[in-house]
Amino acid sequence: MADMSANRPEMLPWFARLQPGAVLVWTLLFLGGVVMVTPLVLMFSTSLKSAGQIYDLRFIPAEPTLNNYVRVLADGWFLRWFMNSMIVAVCVTVSNVFFDSLVGYTLAKFKFRGRYIIFIAILSTLMIPTEMLVIPWYLMSAQFGWLDTYWGIMFPGMMTAFGTFLMKQFFETVPDDFIEAARVDGMNEFMIWWKVAMPLVTPALSALAIFTFLGNWTAFFWPLIVTTSRDLYTLPVGLSSFAVEQSIQWEMIMTGAALATIPTLIVFLVLQRFIVRGVMLAGLKG
Amino acid sequence: MAEITLRSLTKDYGTVRAVHGIDLDISNGEFVVLVGPSGCGKSTTLRMLAGLEDISGGELRIAGRLVNDAEPKARNIAMVFQNYAIYPHLTVAQNIAFGLYTSGMSRAQKDARVAEVAGMLGLTDYLARRPAALSGGQRQRVAIGRAMVRDPVAFLFDEPLSNLDAQLRAQMRIEIKRLHQRLGTTIVYVTHDQVEAMTMADRIVVMRDGHILQVGAPVDLYENPVDLFTARFIGNPSMNVLDARVQAGRIIVGDQDMGACSRADGAICLGIRPQDLLVDGPGTAARINATVTAVEPLGPETLVHLDAQGHEVMATAPGRVIPAIGSTLTASADAGRLYLFDPDSQRALGRA
Ligand SMILES: Nc1ncnc2c1ncn2[C@@H]1O[C@H](COP(=O)(O)OP(=O)(O)OP(=O)(O)O)[C@@H](O)[C@H]1O
Ligand SMILES: [Mg+2]
């Protein structure tokens with residue numbers, strides 16, 4: 001009996017309870033975490049340094065200053081680009097949440113001829129890399145006069161095959177009984193989608209919204225190509241122009257970048273709790 | 001309120017015929033139960049009534065109006081699903097009010113109607129809760145509330161109680177029946193539980209393989225089944241069926257004489273309900289000597305499993321005496337309680 005109680009896990013010191021596999025996994029995760037967090041920390045610390053200190057690579061600045069923030073915010077361009085990025089990312093996100101789920105729902109819940117072909121066609125566009133599409137997009141924008149407009153920045157992303165695929169998969173998990181019950185209650189198909197099906201897939205909608213917002217907030221390549229006037233730049237394009245036009249002002253770039261992470265943090269914090277909240281099954285049998 | 005008429009109603013899934021042209025008249029305010037084994041087309045029939053499934057052939061009339069191609073909402077019918085299908089993201093009150101979404105009522109009218117229905121179903125204290133915080137029986141009540149709130153011409157139920165435990169099922173059975181008496185609305189109710197069918201129905205419709213085998217009041221089906229299938233299906237425990245033969249006006253099983261019969265000589269199926277076959281009973285028919293193989297004491301009576309010369313038979317021992325396993329006893333039924341069936345067509349041949 002005595003040796004048994006000595007072997008009970010909670011009687012041992014914490015380090016003796018660790019398993020070798022767990023130690024390895026935790027070590028690797030810790031190293032991975034350090035690798036990912038270091039640039040962020042450097043970004044924030046650089047943004048707090050004056051121009052003379054930036055090659056002094058210590059994490060805690062010797063004389064921290066908020067001067068860079070004052071300068072970046074006082075410069076009208078930064079706020080302009082911030083707004084541009086916000087307009088683009090919000091419009092594209094709203095559009096994706098609406099249209100991707102509308103198409104995904106239709107493909108998941110309606111039986112019609114050719115729906116499989118349509119689904120395959122949508123999926124196959126995932127295999128074409130963006131780099132190949134940029135030239136056709138550009139020519140198209142030139143033809144339609146979309147160059148150097150908000151619409152020109154936004155149109156390639158207004159609907160995505162990935163989002164459609166994601167939403168279709170989630171709508172397939174919505175039990176038909178929910179939809180049929182609403183149909184018998186007299187709702188039209190659009191209202192069934194909006195009032196019944198959409199609330200049941202909020203976790204997927206939140207994930208889609210986060211991905212889309214982050215993707216568009218940080219998008220660089222296409223906005224760089226399609227915009228020429230400085231007042232249409234998005235934030236990443238504008239920040240990179242800091243680097244080219246004047247001699248590279250790292251502390252200004254890092255300050256801009258630090259400010260640019262704020263909306264992504266907010267979006268993530270607001271939406272991720274919906275992802276965690278699994279609402280789906282509570283209305284069905286226990 | 002409305003009567004519902006089915007005329008050669010047919011459903012094909014591709015080349016497979018799930019419902020083979022059924023005819024049925026459901027009168028206003030009637031409680032009709034569709035029963036039958038799994039896959040016999042009960043749900044399909046109900047879904048055609050609701051408008052959730054296209055009708056492949058025949059006619060469906062509600063209140064005299066042909067509704068074959070009418071949208072579900074144009075039929076003003078309400079349906080309660082096996083899985084309740086109440087919305088997890090809405091409260092009980094919102095779920096019940098959901099049925100009123102297209103009603104065009106004012107907010108105050110809706111609230112009053114929801115409160116009235118919730119009161120009837122004993123849900124008043126739960127109106128602000130979400131379904132996750134309700135028991136199975138309460139969830140099913142919410143589903144019924146959502147159906148009731150619209151004041152539909154008929155309710156359709158598809159196995160609404162099959163997810164509940166036995167005790168709750170018995171309670172909900174009575175509640176639904178009371179509700180029907182109070183509202184007087186036509187109900188079409190699908191189940192494969194014959195106890196539900198017997199206890200709730202005004203009329204039972206027995207289905208098999210997409211056909212209607214028999215329609216009748218519960219007692220009617222119990223007393224006069226048209227064939228072996230219905231005879232076995234209705235009644236719990238199920239009827240004993242023995243291979244027998246008629247010889248010179250007597251029914252013979254093995255070498256035991258079971259009683260008189262006026263049919264010509266030949267093979268026959270003999271059905272005896274366990275409730276009719278009484279241990280040490282005074283009956284003159286179907287006197288069998290048998291060995292007890294198992295007993296199921298139910299309190300006021302005991303179900304006795306018997307081995308009668310290789311035939312397994314179930315009988316009832318009335319009173320609180322429980323026969324010992326392995327003992328030998330005599331069971332018998334009253335004359336007139338034997339059901340006869342044709343062994344080939346399985347059609348009923350009357351009683352003896
Ligand atoms: N969508 C469908 N496609 C093809 N066949 C179907 C479809 N739905 C049902 N069936 C077939 O139709 C027949 C009747 O099915 P139905 O669901 O009406 O049975 P049921 O009597 O309700 O059975 P249960 O008691 O198991 O619910 C079955 O043989 C089934 O396989
Ligand atoms: Mg069914």
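As the structure is a computational prediction, the values presented were derived from the model and not from experiment. (Residues numbered from 1 in each chain as written. Chains lettered and ligands numbered in written order. Predicted model: local features only at pLDDT ≥ 70, side-chain atom pairs only at ≥ 80, totals over all residues. Heavy atoms only, no water.)

**A few points about the overall build of chain B**
Alright, step 1. Secondary structure assignment for chain B yields 9 helices and 21 strands.
Alright, step 2. Taken along the three principal axes of its C-alpha coordinates, chain B extends 75 × 45 × 30 Å.
Alright, step 3. The buried share of chain B, reckoned over its 352 residues, is 52%.
Alright, step 4. Accessible surface computed for chain B: about 14900 Å², of which carbon and sulfur atoms make up 48%.
Alright, step 5. Computed over 35 positive and 38 negative side-chain charges, the inter-centroid distance for chain B is 7 Å. (Helix = DSSP H or I, 4+ residues; strand = E, 2+ residues; numbered from the N terminus. Buried < 20%, exposed > 50% of the residue type's maximum accessible area, 1.4 Å probe, protein only. Areas by Shrake-Rupley, 256 points an atom, 1.4 Å probe, with all protein chains shown as cover. Lys, Arg positive; Asp, Glu negative; His and termini not counted. Charge placed at Lys NZ, Arg CZ, Asp CG, Glu CD.)

**Regarding the overall build of chain A**
Alright, step 1. When its secondary structure is counted, chain A shows 15 helices and 0 strands.
Alright, step 2. A buried classification covers 39% of the 286 residues belonging to chain A.
Alright, step 3. In chain A, once contacts between residues fewer than 6 apart in sequence are set aside, the share between residues at least 24 apart is 72%.
Alright, step 4. Approximately 16200 Å² of chain A is accessible, and the part contributed by carbon and sulfur atoms is 73%. (Contact = heavy atoms within 4.5 Å.)

**A closer look at the sheet that holds strand 21 (residues 348-351) of chain B**
Residue and element names in this part refer to chain B.
Alright, step 1. Read from one edge to the other, the open sheet built from 6 strands follows the order 13-12-11-14-20-21, with strand pairing classed as antiparallel. Edge positions in the open sheet fall to strand 13 (256-260) and strand 21, since each of these has one partner strand only. Within this sheet the neighbouring strands show an average axis-to-axis angle of 35 degrees, counted without direction.
Alright, step 2. As paired elements, strand 14 (residues 266-272) and strand 20 (residues 338-341) share 4 bridges and run antiparallel to each other. In the strand pairing of strand 20, Leu 270 is matched with Leu 340. (Pairing = 2+ DSSP bridges. Axes fitted to C-alpha atoms, helices over the stretch in contact; angles between N-to-C directions.)

**Remarks on the nonpolar core**
Alright, step 1. Counting 81 residues, the largest nonpolar core has A:Phe171 and B:Ile4 as the members making the most contacts within it.
Alright, step 2. With near-sequence residues (within four places) excluded, A:Phe171 lies in contact with A:Ser101, A:Gly104, A:Tyr105, A:Ala108, A:Lys109, A:Trp193, A:Ala197, A:Met198 and A:Val201.
Alright, step 3. By size, the runner-up hydrophobic cluster in this structure holds 41 residues, among which are B:Ala78, B:Val117, B:Ala201 and B:Leu221. (Core = buried A, V, L, I, M, F, W, Y, C linked by side-chain atoms within 4.5 Å.)

**With respect to the sheet that holds strand 2 (residues 16-26) of chain B**
Residue and element names in this part refer to chain B.
Alright, step 1. Spatially, 2-1-4-5 is the arrangement adopted by the 4 strands of the open sheet, whose pairing is antiparallel. Each edge of the open sheet carries a strand with a single partner, namely strand 2 and strand 5 (65-66).
Alright, step 2. One ladder, built from 5 bridges, connects strand 1 (residues 4-13) with strand 4 (residues 57-62); its direction is antiparallel. If you follow Ile 4 over to strand 4, its bridge partner there is Ile 62.

**Concerning the site of ligand 1**
Residues and elements named next belong to chain B.
Alright, step 1. Looking at ligand 1, the residues that line it are Tyr 13, Ala 18, Ser 38, Gly 39, Cys 40, Gly 41, Lys 42, Ser 43, Thr 44, Glu 159 and His 192.
Alright, step 2. Gly 39 has a polar backbone atom sitting 2.8 Å from an oxygen atom of ligand 1.
Alright, step 3. Across the complex, the protein chains shield 57% of the 630 Å² of accessible surface that ligand 1 would expose by itself.
Alright, step 4. Here the element with the most residues in the shell around ligand 1 is helix 1 (residues 42-50); it accounts for 3 residues. (Near = heavy atom within 4 Å. Polar contact = N/O pair within 3.5 Å; in protein donor to acceptor, adjacent residues only side chain to side chain.)

**Considerations on the interface of chain B and chain A**
Alright, step 1. At the junction of the two partners, chain B supplies 26 residues and chain A supplies 23 residues.
Alright, step 2. Buried area between chain B and chain A, both sides added, is near 2200 Å², and the carbon and sulfur share of it is 62%.
Alright, step 3. Considering only the surface of chain B that becomes buried against chain A, B:Pro88, B:His89 and B:Tyr101 emerge as the three largest contributors, covering 23% of it.
Alright, step 4. Linking chain B with chain A are 3 salt bridges.
Alright, step 5. Between B:Arg146 and A:Asp185 there is a salt bridge; the shortest N-O distance is 3.4 Å.
Alright, step 6. Linking chain B to chain A there are 7 residue pairs in polar contact (both at pLDDT 80 or more). (Buried area = accessible area lost by both parts, 1.4 Å probe. Salt bridge = Lys/Arg side-chain N within 4 Å of Asp/Glu carboxyl O.)

**What to know about the confidence of the model for chain B**
Alright, step 1. Confidence in the prediction for chain B averages 91 pLDDT; 100% of positions are at 70 or higher.
Alright, step 2. Scored as a complex, the prediction yields pTM 0.81 and ipTM 0.82. (pLDDT = per-residue confidence, 0-100.)

**Re the pairing of strand 6 (residues 77-80) of chain B**
The side chains of a regular strand alternate between the sheet's two faces.
Residue and element names in this part refer to chain B.
Alright, step 1. Here strand 6 shows a buried face lined by Ile 77 and Met 79 and a second buried face lined by Ala 78 and Val 80.
Alright, step 2. Note that strand 6 and strand 7 (residues 154-158) share 4 bridges and pair parallel. Across the sheet, residue Ile 77 finds its bridge partner in strand 7, namely Ala 154.

**Let's talk about the pattern of salt bridges**
Two side chains carrying opposite charge are able to pair once their charged atoms lie near each other.
Residue and element names in this part refer to chain B.
Alright, step 1. Scanning the entire structure with this criterion turns up 19 salt bridges over all chains.
Alright, step 2. For Arg 107, the salt bridge identified is with Asp 111, shortest N-O distance 3.8 Å. With a gap of 4 residues between them, Arg 107 and Asp 111 both fall in helix 4 (residues 107-121), about one helical turn apart.
Alright, step 3. Here Asp 276 makes a salt bridge to Arg 337, at a shortest N to O gap of 3.1 Å. With Asp 276 in the loop between strand 14 and strand 15 (278-279) and Arg 337 in the loop between strand 19 (328-333) and strand 20, this residue pair connects regions lying 61 residues apart in the sequence.
Alright, step 4. With a relative accessible area of 14%, Asp 276 lands in the buried category.
Alright, step 5. In this structure, a network of salt bridges that share partners links the residues Glu 223, Asp 276, Arg 337 and Arg 351.

**What to know about a nonpolar patch on the surface**
All names here are of chain A.
Alright, step 1. Among the surface-exposed residues, Met 36, Val 37, Leu 40, Val 41, Phe 44, Phe 59 and Ile 60 lie close enough to one another that they form a single nonpolar patch of about 690 Å² accessible area.
Alright, step 2. Relative to the helices and strands, Phe 44 is located in helix 3 (residues 20-47).
Alright, step 3. Owing to a relative accessible area of 38%, Phe 44 belongs among the partly exposed residues under this scheme. (Patch = residues over 30% accessible without salt bridge, like charges linked within 9 Å, V, L, I, M, F, W, Y side chains within 5 Å.)

**Some words on helix 4 (residues 67-74) of chain A**
Residue and element names in this part refer to chain A.
Alright, step 1. Asn 68, Tyr 69 and Val 72 are the residues of helix 4 that are buried. Within helix 4, the buried residues cover an arc of 100 degrees as seen down the axis, which keeps them to one side. Set apart from the buried face of helix 4 by more than 90 degrees, the exposed residues are Val 70 and Ala 74. (Arc of directions from axis to C-beta.)

**Focus on the UniProt feature "domain: ABC transporter" (unreviewed entry) in chain B**
Alright, step 1. In this structure's numbering, the residues bearing the UniProt feature "domain: ABC transporter" (unreviewed entry) are residues 4-234 of chain B.
Alright, step 2. Overall, residues 4-234 of chain B shows 37% helix and 26% strand. The separation of its end C-alpha atoms is 25 Å. (UniProt positions renumbered as here; feature names shortened; annotations may be inferred.)

**Quick notes on the pairing of strand 18 (residues 311-318) of chain B**
All names here are of chain B.
Alright, step 1. Bridge count for strand 17 (residues 301-308) against strand 18 is 8 bridges, and the pairing is antiparallel. Paired with His 305 across the strands is Met 314, a residue of strand 18.
Alright, step 2. The hairpin formed by strand 17 and strand 18 contains 2 residues between the paired strands, and Gln 309 there has a positive phi angle of roughly 50 degrees.

**Digging into helix 5 (residues 136-148) of chain B**
Alright, step 1. With 13 residues, helix 5 of chain B ought to run about 18 Å at 1.5 Å a step, and its terminal C-alpha atoms sit 18 Å apart, in line with that.
Alright, step 2. Across the 13 residues that make up helix 5 of chain B, a large majority, 12, are buried.
Alright, step 3. Considered for burial, the residues of helix 5 of chain B that qualify are B:Gly137, B:Gln138, B:Arg139, B:Gln140, B:Arg141, B:Val142, B:Ala143, B:Ile144, B:Gly145, B:Arg146, B:Ala147 and B:Met148.
Alright, step 4. Where helix 5 of chain B is buried, its residues contact helix 10 (176-184) of chain A together with strand 6, helix 3 (92-98), helix 4, strand 7 and helix 6 (166-183) of chain B. (Expected span 1.5 Å × (residues − 1).)

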